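Chain and residue survey
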Amino acid sequence: MPLAPPVPSHVELSAAGGSAPALFEGDLATANCLNRDTELVDIARALTPSTAGPDWNHTWQVARRLTIEPLPHGSVLLVQTLHRPTAQAWSLSARAVLDFATRTEAALG
């Protein structure tokens, strides 16, 4: 998904490890800007679960990926997410991704 403000270099949500929660890493100024918005970081973590499935016996697992890449035509947000069960059906939470992109653009100003 394209983002309006350009970023100078790669930024990504890190993998959580031990007691350390996932935070944005990469371009220092951009990562600091995003990490200052703790709610944005919480939303990013929620958007990128590494496991999903209908129950504990049947799950899918992927590596977490939420990246902002600088490209010649502008910045691009890449989100790898798993579907989640909802009351009506499975959902990729597309609206949540769009809301996250809007909030990210606001944070980057």
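Summarised in this report is the structure supplied together with it.

What counts, and where the lines are drawn
- Residues numbered from 1 in each chain as written.
- Predicted model: local features only at pLDDT ≥ 70, side-chain atom pairs only at ≥ 80, totals over all residues.
- Heavy atoms only, no water.
- Pairing = 2+ DSSP bridges.
- Helix = DSSP H or I, 4+ residues; strand = E, 2+ residues; numbered from the N terminus.
- Contact = heavy atoms within 4.5 Å.
- Axes fitted to C-alpha atoms, helices over the stretch in contact; angles between N-to-C directions.
- Buried < 20%, exposed > 50% of the residue type's maximum accessible area, 1.4 Å probe, protein only.
- Core = buried A, V, L, I, M, F, W, Y, C linked by side-chain atoms within 4.5 Å.

Judged by pairing direction, the sheet is antiparallel, and its five strands sit side by side in the order β1-β7-β6-β2-β3 without closing on themselves. Of all strands in the sheet, those with a lone pairing partner are β1 (2-3) and β3 (24-26), marking the two edges. Where strand β2 (residues 11-13) meets β3, three bridges bridge the pair, whose relative direction is antiparallel. Directly across from L13, in β3, lies its bridge partner F24. Against the sheet, helix α1 (residues 28-36) touches β2, β3 and β6 (65-71), its axis set at about 175° to β3.

A few words on the pairing of strand β7 (residues 74-80). Successive side chains on a regular strand alternate, one facing one side of the sheet and the next facing the other. Examined bridge by bridge, β1 and β7 share two bridges and lie antiparallel to one another. For P2, the partnering residue across the bridge sits in β7 and is V76. Sheet topology places β6 next to β7; seven bridges connect them, and they run antiparallel. Across the sheet, the residue bridging to L66 is V79, located in β7.

Moving on, we come to the environment of V79. One can find V79 in strand β7. The exposure class assigned to V79 is partly exposed, which follows from its relative accessible area of 25%. A C-alpha to C-alpha distance of 9.2 Å links V79 and A44, two positions 35 residues apart in sequence. Beyond its immediate stretch of four places on either side in the chain, V79 contacts L47, T48, R65, L66 and V97.

Our next topic: the pairing of β6. Looking at chain direction, β2 and β6 are connected through two bridges and run antiparallel. Within the sheet, the bridge partner assigned to V11 lies in β6 and is I68.

Attention now goes to the nonpolar core. Counting 20 residues, the largest nonpolar core has F24, L34, L66, I68, L77 and F100 as its most contacted members. Every element with two or more residues in this core is listed here: β2, α1, α2 (38-47), β6 and α3 (94-108). Setting aside residues up to four positions removed in sequence, L66 forms contacts with V11, E12, L13, F24, A44, T48, L77, L78, V79 and F100.

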